[in-house]
Amino acid sequence: MSTTWDTLITDALVFDGSGEAPTTVDIAIRDGKVAARGAGLPRTEAARVIDGSGQWLMPGLLDIHTHLDLEVDLDPRLPEVVRHGTTTVLVGNCSLGTCFGQQVEGEQNPIVDCFTRVENIPKKVLSKCVEAITWDNTGDYMDHFDNLALGPNIGAFVPHSMLRVEVMGLQNSISRKPTDAELVRMETLLDQAMEQGYLGLSTDGLPFHYLANEPHTDQRIPTQFAGYTELKRLLGVVRRRDRVWQTTPLIENRAKGMLYFLFSSGRLFGKPLKTSALSVMEFVLAPKASNAFLGLSKLINSALLKGRIHFQALGTNFRLWSDGIVSPVFEELPSTCKLIAKEYDDVAGRRALLDDPEFIAEFRRDWEHGRKGRNLATLKAKLGLPDKLVIRDLDRMIFDGAPVADWDGESMQQVLDRLQRVQRGQAGEARSEDEREAFARFPAPTGDEVDFMLHLLREYDKSFRWWVDVGNKDNRATLGYLLHPSALPGFNDSGAHLTNMAFFDGNLMSLKLAQAESLATVATMVRRLTREPAEFFGLDVGSLEIGAQADITMLDPAALQGWDSNDHRAFIHRELFDHKQMVNRSDGVVTRVLIQGEPVWQEGNFTEVLGSRRLGRALRAA
């Protein structure tokens, strides 16, 4: 018996991505596209009927900021994003990517050199990823997705660091200005990529993004060596093509950083430049800092300057794990940056630094900067304008993977207080024999938190884990940022910082926060996670209109209401990398995910179709 539709989803509460109030309707799918929408569509006309009663149905969610460039060629299913209802991911962010191929020249391996410390991915994992690269130009990169069994759709930026390496070579890209001929070559390659459908250009200005290979471990990634003229010329290409500039702020020179954001202005440059910048959240040490970004964007987007800039917003608390001191935020301090620059297995090299009196003095200065003494740095910190955003307050630093089981779940300050009581003669304060033995190895006396942290690093190197909430603590202000007209949700940083953080479920937390307010807010949030970013980045996804690709996410609203991302982060071994990774689990919240009309996640499991053939596609802008 022939049927009209391949799949019919019935009686779900449908949020169509328009922002309008949801309605209970049926969705029919044929040949991977939405074929019909309406109440009471005939069940007999569908080969497969899915009961959506009691569930929310929406377009597949977009992750607008990922570093899955490397993982997608090892496992194109991208299962960790799919299980969270994400059906489109954007790669090539923060000036890093693989669209120019391996770019290996002699002993120089730029992908490993750039990604290792910026995204905290071990070199052995990155080397495995580089080996999977078979292309050497931007056109072949986009085309190669046609031959992968893609799960989600992929959109790509041209990464500026890799563009500089392609034209200048790694050494020259971090040691001199480009010649005019090299600038012309960069413009030409960028324009070709725009013709091939790239989303735009990504750059980076964060001060803790360093190279990882000798002899460059004291140098930042190539994009940070570009001057105003280079950026103006390259962004001119992006502007003419009506594509997007993805960037991060120059937080070391805030006046210069604010000035650079004026590149978005159509009044100053003849045509608005779509700009997507990182990032707004309520930082623990600078709770009002993001208001400055949002105020600036309001000015740039006004009729006076005619810009098009938004700041990407994270939908959950920014909880960051550290392995010892190995964590992206600790690149911000000169002393700990030196520790991180040592090779992953160079325990002796780190220990030599930790025993060096000059290093110890530098570490103490860094640790106490803005936190002790009557000086300008301390005053700025008290006013919420600190020089450094790295948290060094032991009360906020929570053991999770401690070398002594008694410490897990406790703050470092609690352990230090107990240690000092034991050292003052209160031996009964030790909770166990393991703790008593651990305390006996600390210097006596352990005078303060600097002594405490230095001992932990000497004694345990990277084998103690702890976390701290850097931003959006308790999600007090998160929803306001997510809904702000100068912000855009969907920043999850998926695929980055393997052992340090996991926000694969940031979009789900955005929906949960909206759910706590009203269904109307949920409808707005769905639009902000689907149709709105798709339109901004020039992509034909994020819709449930007739004829749209049938990428669909279904949620159980009751499960969403009772779920909290902080309770479902896990540290697992992934065979794909032969390495541990922080991931999220939201089982029971996402009930089904369909890509191109095919169920890829249902009843808490991936289906056989995911990975058996290509479902998603390379999305070409405009």
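Heads up: the structure comes first, above all this text.
Rules and cut-offs
Residues numbered from 1 in each chain as written. Predicted model: local features only at pLDDT ≥ 70, side-chain atom pairs only at ≥ 80, totals over all residues. Heavy atoms only, no water. Pairing = 2+ DSSP bridges. Helix = DSSP H or I, 4+ residues; strand = E, 2+ residues; numbered from the N terminus. Buried < 20%, exposed > 50% of the residue type's maximum accessible area, 1.4 Å probe, protein only. Polar contact = N/O pair within 3.5 Å; in protein donor to acceptor, adjacent residues only side chain to side chain. Contact = heavy atoms within 4.5 Å. Axes fitted to C-alpha atoms, helices over the stretch in contact; angles between N-to-C directions. Arc of directions from axis to C-beta. Core = buried A, V, L, I, M, F, W, Y, C linked by side-chain atoms within 4.5 Å.

1. Description of the pairing of strand 24 (residues 598-602)
Logical step 1: Here strand 23 (residues 590-595) pairs with strand 24 via four bridges, running antiparallel. Considered in strand 24, the bridge of Arg592 is made with Gln602.
Logical step 2: Remark: two residues form the turn of the hairpin made by strand 23 and strand 24, two consecutive strands paired antiparallel; Gln596 in that turn has positive phi of roughly 50°.
Logical step 3: Judged from the two bridges that link them, strand 24 and strand 25 (residues 605-606) form a sheet pairing that is antiparallel. Looking across to strand 25, one finds that Trp601 is bridged to Phe606.
Logical step 4: Counting the residues that bridge the hairpin from strand 24 to strand 25 gives two residues, and of these Glu603 lies at a positive phi of roughly 55°.

2. Observations regarding the side chain of Thr66
Logical step 1: Residue placement: Thr66 occurs in strand 7 (residues 65-66).
Logical step 2: Here Thr66 falls in the buried class, since its relative accessible area comes to 0%.
Logical step 3: Within the structure, the side chain of Thr66 is placed 3.3 Å from the backbone nitrogen of Leu68, a separation counted as a polar contact.
Logical step 4: Discounting residues that sit within four places of it in the chain, Thr66 has contacts with Val89, Leu90, Val91, Asn93, Asp493 and Ser494.

3. Let's talk about the sheet that holds strand 12 (residues 244-247)
Logical step 1: Overall, parallel pairing links the six strands, which are arranged 10-11-12-13-14-18 in an open sheet. With one partner strand each, in any of the chains shown, strand 10 (158-159) and strand 18 (487-489) form the two edges of the open sheet.
Logical step 2: In terms of strand pairing, strand 12 meets strand 13 (residues 274-280) through four bridges, oriented parallel. Residue pairing across strands places Trp245 opposite Thr275, the latter belonging to strand 13.
Logical step 3: Of the strands in this sheet, strand 13, strand 14 (308-313) and strand 18 are in contact with helix 11 (residues 289-300), which crosses strand 13 at around 165°.

4. A short note on helix 3 (residues 123-131)
Logical step 1: Along helix 3, the residues that are buried comprise Val125, Leu126, Cys129 and Val130. Mapping the buried residues of helix 3 onto a view down its axis gives an arc of 135°, with all of them on the same face. Away from its buried face, by an angle of more than 90 degrees, helix 3 presents the exposed residues Lys124 and Glu131.
Logical step 2: On the buried face of helix 3, the contacting elements are helix 2 (110-118) and strand 22 (579-584).

5. Some details on the nonpolar core
Logical step 1: Among the nonpolar cores identified, the biggest contains 108 residues, and Tyr141, Val158, Tyr198 and Leu511 are the most heavily contacted of them.
Logical step 2: Formed by 49 residues, the second largest nonpolar core is a distinct cluster that contains Val284, Val404, Leu419 and Phe503.

Honestly, that's just the spatial picture; any functional story needs more than this.
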